[in-house]
Amino acid sequence: ISLALTTAALAFTATTASASCDSGERVVKFSHVTGGTTHPKVVAANSFAERVNKEMDGKLCVEVYPNSTLFGDSKELEALLLGDVQLLAPSLSKFGSYTAKYGVFDLPFIFKDMDHAIRFTQTEKGQELLTVMDEYAGFVGLGYWMSGMKYFSANKPLIVPSDAKGLKFRVQTSDVAKQMISAMGASPQAMSFSEVYGALQTGVVDGQENTWSNIYTKKFYEVQDSVTETNHQLLAYLFMTSSEFLNSLSDDDREQFMRIANEVTQEANLNVKAAEAANRENILKAGGKINVLTPEQRNEWVETMKPVWKQFEDSIGTETIEAAAGA
Ligand code: LMR
């Protein structure tokens, strides 16, 4: 098949799961939680599907299910092991119940920017971490997909960390994120991505932290006072599949599939900075407010949150932390 994966086509594939694949083609389901058309994960997932569907036509047919329409955060890893889905790209902050090692990607202010994070993923340590999940029978890490740096938003302006005292923040299921929020004198509440907008709107939580692309495509700016350009943390994904799926392919097909996965990963990481910059502009155009910090104000955030590193030296490993910080 050749799918033109426009938004309309995506909505279509999400509701009519197998209608677009030809008979004889093996259906490969790719489930993820983000939405819109400009989000780096949406673009990368669609680009992967288009390439496989064109270059492996007649053999494989990738169907992309965005927006948690097939599985949300809490079920997707289990679904991959059960064979209900074959491809995922969860945030590295969502593996806490399997491994503490990905906590390194969550440490506040460890990466200056995405280029720094990409450099780390290319080091020996970074490559070693790519296969951490392979130790849990059934998972295979295919590549790191960068998403962006993260920014805090809340129902009041956050200029210095003490502005966050007493507020409740939605976090991903990451122990590092929880400790980081506690260090600000605020309370963390872990919650699935699909529930965040509603929780901000109804006041179940006061704030959240995310990339420009997530804040824009999920319209969080509509239900928050403003977003503060803290740049405090990375958001990146593990593009992954299952060994059951990979082993079911012939050697040639597996090689072709892996080659496309590598090429799409590299291309996605080259395009992510531009997507983030564009979605920052999109927030402003849509009426969202962004607080830009002075170097002194930003330094207060660094001083408040960086001590959290100490608490994770044993579980992540000092060598890994040093390799990331110095990459
Ligand atoms: C979140 O839960 O905030 C993000 O991990 C969502 C995503 O996949 O970008």
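Structural data are supplied above this passage.
Let us look at the structure shown here. This is a predicted model, so every value here is computed, not measured.

**Description of the overall build of the protein**
When you go through the protein residue by residue, the secondary structure sums to 14 helices and 11 strands. Here the C-alpha atoms of the protein give a radius of gyration of 19 Å, agreeing with the 20 Å that 2.2 N^0.38 yields for 327 residues. Projected onto the principal axes, the alpha-carbon positions of the protein cover approximately 60 × 45 × 30 Å. Of all 327 residues assigned to the protein, the portion counted as buried reaches 46%. The contacts of the protein with a sequence gap of at least 6 include a subset with a gap of at least 24, amounting to 77%.

**What about the environment of Tyr151?**
Here Tyr151 shows up in strand E5 (residues 151–154). As a C-alpha pair, Tyr151 and Val132 span 19 residues in sequence and 27 Å in three-dimensional space.

**Thoughts on the sheet that holds strand E6 (residues 168–171)**
What the 6 strands build is an open sheet, ordered E7-E6-E8-E5-E9-E11; its pairing is mixed. The open sheet has two edge strands, strand E7 (187–190) and strand E11 (290–291), and neither has a second partner. Across 2 bridges, strand E9 (residues 226–228) lies against E11 in parallel orientation. Opposite Thr228, over in E11, you have Asn291 as the bridge partner. Its contacts with the sheet place helix H6 (residues 175–183) against E6 and E7, and it is angled at close to 155 degrees to E7.

**Describing the site of the ligand**
In the neighbourhood of the ligand, the contacting residues comprise Val33, Thr34, Lys41, Ser91, Ser147, Gln172, Phe193, Asn210, Asn214 and Leu235. Residues belonging to the shell around the ligand are distributed by class as follows: 3 nonpolar, 6 polar and 1 charged.

**Topic: helix H10 (residues 251–285)**
The end-to-end C-alpha distance of H10 is 49 Å, a good match for the 51 Å that 35 residues give at a rise of 1.5 Å each. If you look at H10, its biggest bend is around 40 degrees, right at Asn271. Residues of H10 that are buried include every one of Phe257, Ile260, Val264, Ala268, Asn269, Val272, Ala275, Glu276, Asn279, Arg280 and Ile283, and no others. Remark: Gly287 follows H10 within two positions and exhibits a positive phi of approximately 100 degrees.

**As for the environment of Leu293**
Residue placement: Leu293 occurs in the loop between E11 and helix H11 (295–305). With 155 residues separating them along the chain, Leu293 and Gly138 place their C-alpha atoms 44 Å apart. The contacts of Leu293, once residues within four sequence positions are left out, are Thr228, Glu229, Thr230 and Arg298.

**Overview of the environment of Gln179**
Along the chain, Gln179 falls in helix H6. C-alpha of Gln179 to C-alpha of Thr202: the two residues are 23 residues apart in sequence and 25 Å apart in space.

**Regarding the pairing of E5**
In E5, alternate side chains face the same way, and those of Tyr151 and Ser153 on one face and Phe152 and Ala154 on the other are all buried. Judged from the 4 bridges that link them, E5 and strand E8 (residues 207–210) form a sheet pairing that is antiparallel. Bridge pairing links Ala154 to Gly207 in E8.

**Examining unusual backbone geometry**
Notably, Phe109 is not glycine yet its phi reads approximately 65 degrees, a positive angle. With respect to the element layout, Phe109 can be found in the loop between strand E3 (87–88) and helix H4 (114–122). Residue classification places Phe109 among the buried residues on the basis of 20 C-beta atoms within 10 Å. The phi angle at Lys219 is positive, at roughly 60 degrees, despite the residue not being glycine. Inspection of the secondary structure assignment puts Lys219 in the loop between helix H8 (212–217) and E9.

**A word on the nonpolar core**
One finds Val62, Trp145 and Ala236 to be the most contacted residues of the largest nonpolar core, which totals 87 residues. Other than its neighbours up to four places away in sequence, Ala236 contacts Leu92, Phe105, Ala117, Tyr144, Trp145, Met146 and Ser147.

**Side note on the packing of helix H2 (residues 40–55) against H10**
Viewed as axis vectors pointing N to C, H2 and H10 meet at an angle of 150 degrees, and their least axial separation amounts to 9 Å. It follows from the interaxial angle that H2 and H10 lie roughly antiparallel. When you trace H2 past H10, the crossing you get is right-handed. Side by side, H2 and H10 meet where Pro40, Val43, Ala44, Ser47, Phe48, Arg51, Val52 and Glu55 of the first sit next to Gln256, Phe257, Ile260, Ala261, Val264, Glu267, Ala268, Asn271, Val272 and Ala275 of the second. Partitioning the contact of H2 with H10 into residue classes produces 12 nonpolar, 3 polar and 3 charged.

Conventions used here
- Residues numbered from 1 in each chain as written.
- Predicted model: local features only at pLDDT ≥ 70, side-chain atom pairs only at ≥ 80, totals over all residues.
- Helix = DSSP H or I, 4+ residues; strand = E, 2+ residues; numbered from the N terminus.
- Rg over C-alpha atoms; globule rule 2.2 N^0.38 Å.
- Buried ≥ 20, exposed ≤ 12 C-beta atoms within 10 Å, placed from the backbone.
- Contact = placed C-beta atoms within 7 Å.
- Pairing = 2+ DSSP bridges.
- Axes fitted to C-alpha atoms, helices over the stretch in contact; angles between N-to-C directions.
- Near = placed C-beta within 6 Å.
- Nonpolar A, V, L, I, M, F, W, Y, C, P; charged D, E, K, R; others polar.
- Expected span 1.5 Å × (residues − 1).
- Bend = angle between axes of the 7 residues up to and from the residue.
- Core = buried A, V, L, I, M, F, W, Y, C linked by C-beta atoms within 7 Å.
- Parallel < 35°, antiparallel > 145°, perpendicular 65-115°, else oblique.
- Left-handed = near helix turned anticlockwise from the far one by under 90°.

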